[in-house]
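What follows is each chain in one-letter form.
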Amino acid sequence: MTDVNNVQIDQPRPSIGRFELLRELFGTILFGIAVFTLVQLAIPQSKVQGHSMDTTLDEGQRLLISRVNYLFGDPQRGDIVVFNSPSPLEENEPALIKRVVGLPGEVVELRDHVVYINGQALDEPYITEECTSYSCENNRWELGPNEYFVMGDNRNNSRDSRVFGPVNRHMMIGEAIFRLWPLQTIGMLQAGHE
């Protein structure tokens, strides 16, 4: 109601026609699809398959992966990364999930079941089981530009850079940042940074 010279005049509310309602509904649905697509591109999900990251990650857990982290920065030692295998065992092999151990330009060595980076023993608090002689044979890798050495936290049950060599930066999909499922394990993932 509008008050003009103390006279109240009833003004009818504008009605929304069917066409406008359908157009509004269609626009809202398209907006929802666009937002969902952008979120999926920027923050895809990944499912943990296998036991190579036990006890940090368990088989069947679902993770949110950040592609954005590596658009504006490089992987760091301790990051849990999702990447395409440099030597897949099968066609359409799912992405792998491992931890970054060695960075470009470094020398990674396995000596007496211990990982050394440029001659210094690496502190790895996320490891809960000592690596066996069979799984951690003495070896040495010199990483080139854009090469990362990745290993599973469950060293005795992991196919990683010890088998397929360093992973090139362009093969990395993103960093695992959040445990989404199951609900009792929901929460941020802690990277093992120095």
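Residues numbered from 1 in each chain as written. Predicted model: local features only at pLDDT ≥ 70, side-chain atom pairs only at ≥ 80, totals over all residues. Heavy atoms only, no water.

Visitor: Before we go on, may I ask you to explain the pattern of salt bridges in this structure?
Guide: Two side chains bearing opposite charge may form a pair once their charged atoms approach each other closely. Inspection of the entire model under this criterion finds 7 salt bridges. Between R99 and D153 there is a salt bridge; the shortest N-O distance is 2.7 Å. Of this pair, R99 sits in strand β6 (residues 96-102) while D153 sits in the loop between β11 (147-151) and α3 (161-164); the two residues are 54 residues apart in sequence, bridging distant segments of the chain. With its nearest N and O atoms 2.8 Å apart, the salt bridge here joins R162 to D160. We note that R162, like D160, is buried. (Salt bridge = Lys/Arg side-chain N within 4 Å of Asp/Glu carboxyl O. Helix = DSSP H or I, 4+ residues; strand = E, 2+ residues; numbered from the N terminus. Buried < 20%, exposed > 50% of the residue type's maximum accessible area, 1.4 Å probe, protein only.)

Visitor: Looking at this structure, I do not really get the environment of V82. What am I missing?
Guide: By secondary structure assignment, the location of V82 is in strand β5 (residues 80-83). On the basis of relative accessibility, which here comes to 2%, the residue V82 falls in the buried class. Sequence spacing of V82 and I97 is 15 residues, and the spatial spacing of their C-alpha atoms is 4.6 Å.

Visitor: How do you make sense of the pairing of strand β8 (residues 114-117) when you look at a structure like this?
Guide: For a regular strand, side chains alternate in direction, first toward one face of the sheet and then toward the other. Where strand β7 (residues 107-111) and β8 come together, 4 bridges link them in antiparallel fashion. Bridge assignment links L110 to a residue of β8, and that residue is V115. Where β7 folds back on β8, the antiparallel hairpin that results is connected by 2 residues, among which D112 adopts a positive phi of roughly 50°. Pairing geometry for β8 and strand β9 (residues 120-121), over 2 bridges, is antiparallel. What sits directly across from I117, in β9, is Q120. Between β8 and β9, which pair antiparallel in sequence order, lie 2 residues; one of them, N118, sits at a positive phi of approximately 50°. (Pairing = 2+ DSSP bridges.)

Visitor: Can you help me understand the sheet that holds β8 in this one?
Guide: Picture the strands of a sheet paired through backbone hydrogen bonds; they go either parallel or antiparallel. In space, the 4 strands of this open sheet follow the order β9-β8-β7-β10, with antiparallel pairing throughout. Taken across any chain shown, the strands that pair with only one partner, and hence form the sheet edges, are β9 and β10 (139-142).

Visitor: Even after reading the chapter, I still don't get unusual backbone geometry, so can you show me in this structure?
Guide: With the exception of glycine, most residues fall at negative phi, and the peptide bonds are largely trans. A positive phi angle, near 50°, is found at D112, a position not held by glycine. Mapping D112 onto the fold places it in the loop between β7 and β8. We note that H113 has phi near 75°; this positive angle belongs to a residue other than glycine. With a relative accessible area of 28%, H113 lands in the partly exposed category.

Visitor: What is the right way to look at the nonpolar core in this model?
Guide: Note on soluble globular proteins: their nonpolar side chains tend to be buried together. Residues V101, V108, V115 and F149 are the most contacted members of the largest nonpolar core, which totals 13 residues. In this structure F149 touches R99, V100, V101, G102, V108, W141, L143, S161 and R162, once residues within four positions along its chain are discounted. Counting residues in each nonpolar core, the second largest holds 12 residues, with V81, F83, V100 and Y148 among its members. (Core = buried A, V, L, I, M, F, W, Y, C linked by side-chain atoms within 4.5 Å. Contact = heavy atoms within 4.5 Å.)

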